[in-house]
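Chain residues, written in single-letter form:
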Amino acid sequence: MYHVKILRSPADHGQLEEIRSPKLSGSYTLITAADIPGINELSDFPAPVIAGNSISYIGEPVGLLAGPDLFRLESYADKCVIKIKEQPVLPDQSDHPEQQALQESEKNNYFYKLRFNSADTEYFPQASNRIVTGLYNTGAADHWFSEPHTAAADFTGGKLTVYTATQWPYQVKRSLSRVLAIPESSITVIQTELGIHMDGKLMFSSLVSCQAALAAYITGKPIKLKINRIEGFRWSPKRSASKTGIVSVLGDSGSVLNTDINISVDMGSQDVFAKEILGQACLGSMGIYNLGHLNLEGIALKTAKPPQGPMEGFGASQGFFASERHVSRIADSLRQDPAVWRKENCLGKNDNLAVGTSLRDGVPVQPLIDSVAAGSDYYRKWASYELLRINRKQNWEISEHESKRGIGIAIAYQGSGFLYPGNDRGIYSVEMTLGKDGSLEIRTSTLMNREEEKKIWCALALRILGVEENQVTVVNSPASPDSGPCCLSRNITAVTRLVERGCEAIRKMRFRDPLPIVIKRSVKPAKFIPWNGQNGGDAGDSLAFCRPSWGAAVTEVEIDNVTLEPKVRGIWLVVDGGKIMSETGARRALKTAAINALSWTTREQIIYENGIIPQNIIQNYIFLTPEEIPPVNIEFFNNGNSNPKGIGELPWSCIPASYVQAVSQAMDYPFEKIPLTVEDIWAVMKNKQSEAAV
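In this text the structure is predicted, and so the values were computed from the model without any measurement.

## So, the packing of aromatic side chains
(1) Moving on: Across all of its chains, the model carries 17 aromatic pairs by this definition.
(2) Moving on: Geometrically, the ring pair formed by Phe233 and Tyr621 is edge-to-face, given 5.2 Å between the ring centres and 75° between the ring planes. Remark: Tyr621 occurs in the loop between α14 (615-619) and β25 (632-636) and Phe233 occurs in helix α5 (residues 229-235); sequence separation between them is 388 residues. The residues Phe233 and Tyr621 share a single accessibility class, namely buried.
(3) Moving on: Pairing Tyr289 with Trp341 gives two aromatic rings, centres 5.8 Å apart and planes at 55°, and the pair type is tilted. Here Tyr289, found in the loop between α6 (274-286) and β15 (293-301), pairs with Trp341, found in helix α8 (residues 338-345); they are 52 residues apart in sequence, far enough to count as distant. The pair Tyr289 / Trp341 is uniform in exposure class, with both members buried.

This is the structure we're talking about:
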């Protein structure tokens, strides 16, 4: 077996002129983009496996060193000289002016733009109208994998076998076929244990697999490629940073007459799910309220960072943070309880989402708010903390005896699939066989992370076919049909619906057709959502959000009187996830997501300096410790829907805004960013003390 060491670019933008390596012994090989037999680009993502002439970020792979001894490879790599003719760097995201206009340099460097106008005429506010303006920032975050990215590859007799931890094995297979110019029928992709991936093993697993497979193809040796912890932290895709500016014009009653939204997501130097993340971020930024005349522009920025990409929340978390913080700002400006404003201005039973998608199951916002408010005693606490906030305006001395508390609420929804299909056209399948002995075999390419998923499918087999659990086998193998990516709760939604349809089809056939019965059920995208109104343009799959799940979160905090560290007294989460097939599994998934979302909101922060994450950021990247985890109270609300819905992303979309609103009430200051750190709170405290002294 040979190992691989990746050579990386020392420059962030320019033309690769030369790679000079020391004299390599016969068993060691330098591989460059010129050695790629096929197309130097992943399937679905226009990202090169090895950079050719053009360099787009510091750390971009420019070559592979392959050989039998890893330590010797590292020695060779240290002696390699990479010569690049540097060019002016792409701009990073800059701070937006108050009116949210992007700088001209940013406008010219983007992957996608989305626009939406709800009316043909422009709205002009009156002098008497109240205007609420906000700029809401979310930072980049890491997936903090429990194990390094690794791929093993063997190319023998024209057949390629790759082992890797991936959420999307068929995407890996398509990429391998594209890069090596060999048919997919000659490729076997074997999924290894995923671990806690947080949607970080979609694109990067394909990149590592293609690099390992290319080395195996060139050397004729089995290859193992492992990305060490530092490399993985620096060069794997991160949650995209975002900036969302929202300007709302209010009527006399407090309703919204006009809304302008400008949202940008930083996608780094390459298009990794850029349109999908931007589309979901735009949907989230529109929220679930009557916004009056709506004008939105979204842009997926191209910057000189490593590729940014998907992470749990998938863009919707960034959008909902902005929309939910903004409606709380509106309520605060009216001196109204944010929960009450939400109930009075949310979408109604027969309303559609802002882009026109029909909500087939209605909008349960009001009962969700009532439920989460009752469980958390929200209304009494909000009134009490609001009175304390008003009385505290002239006294901001730090006191051991005064308690600063706040409480916040937020609402969000979650779809169950991609807005935009990839090269597979969004067609995914499950195969099932009812054997002569009464056994049922379910074949799918999705790798189950939890035993509850199998139990759900077994329960369907028992209810529909009368097949006991011990007679049901779930087969996840390279020969299984393409069931799509394991993300966005698709195992429990799209794949479960295919299993249910398969069981129903077998039930109709079992008494008239001989055994074994083999059936295949597939799903494909439905008609599209127009983003640009009558002008056509970008569009999305309407099925992805026609039956969303819903969640409402309340977060209560207390600010430490000495350190100003917010302590979370409790999180209350009420979820409408349709039919909950496994309450134990659902609670576990929601609690895990709630803890991770709170960690992102309070402390996880990635900073790029000159195109690279500094060593001290990597060493000091921290998340919630076990003793900091607050009580998380989870309740399920079902409005009679019998379909299971995806719920795992909901905490990411509603807990951050509820937390920041709670801290904002406690500190009497409208915070608009995450992560919201103690340093941010101290800065506000110092300003308040200075103002009070004057």
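Still more ground to cover, so stick around.
## Brief notes about the confidence of the model for the protein chain
(1) Moving on: Looking at the protein chain, pLDDT values average 89 and 93% of them are 70 or higher.
(2) Moving on: Mean pLDDT across the elements of the protein chain bottoms out in helix α2 (residues 104-107) (49) and peaks in strand β5 (residues 61-67) (98).
(3) Moving on: Below pLDDT 50 for its whole length, residues 93-102 participates in 25 contacts with residues either more than four positions away or in separate chains.

## Some remarks on helix α11 (residues 451-465)
(1) Moving on: Compared with an ideal rise of 1.5 Å per residue, which puts 15 residues at 21 Å, α11 spans 21 Å between its outermost C-alpha atoms and is within 8% of the ideal.
(2) Moving on: For α11, every residue scored as buried is listed here: Glu452, Glu453, Ile456, Trp457, Cys458, Leu460, Ala461, Ile464 and Leu465.
(3) Moving on: Close packing links the buried residues of α11 with β18 (440-443), β19 (472-475), α12 (491-509) and α13 (583-602).
(4) Moving on: Immediately beyond the C-terminal end of α11, within one or two residues, lies Gly466, with a positive phi of roughly 75°.

## Here's the deal with α8
(1) Moving on: Where α8 is concerned, the buried positions are Pro338, Ala339, Trp341, Arg342 and Asn345. For α8, the arc enclosing every buried residue in end-on projection is 160°, short of the 170-degree limit, so these residues lie on one face.
(2) Moving on: Among the structural elements, β14 (256-266), α7 (316-333), α9 (365-376), α10 (378-391), β16 (404-414) and α15 (650-667) are those in contact with the buried residues of α8.

## Description of the nonpolar core
(1) Moving on: Core analysis: the largest hydrophobic core is formed by 157 residues, its most contacted members being Leu160, Leu176, Phe273 and Val663.
(2) Moving on: In terms of residue count, the dominant contributor to this core is α15 (11 residues).
(3) Moving on: Leu465, Leu498, Val499 and Ile519 belong to the second-largest nonpolar core, a separate cluster that totals 23 residues.

Conventions and cut-offs
- Residues numbered from 1 in each chain as written.
- Predicted model: local features only at pLDDT ≥ 70, side-chain atom pairs only at ≥ 80, totals over all residues.
- Heavy atoms only, no water.
- Phe/Tyr/Trp six-rings, centres within 6.5 Å; stacked < 30°, edge-to-face > 60°.
- Helix = DSSP H or I, 4+ residues; strand = E, 2+ residues; numbered from the N terminus.
- Buried < 20%, exposed > 50% of the residue type's maximum accessible area, 1.4 Å probe, protein only.
- pLDDT = per-residue confidence, 0-100.
- Contact = heavy atoms within 4.5 Å.
- Expected span 1.5 Å × (residues − 1).
- Arc of directions from axis to C-beta.
- Core = buried A, V, L, I, M, F, W, Y, C linked by side-chain atoms within 4.5 Å.

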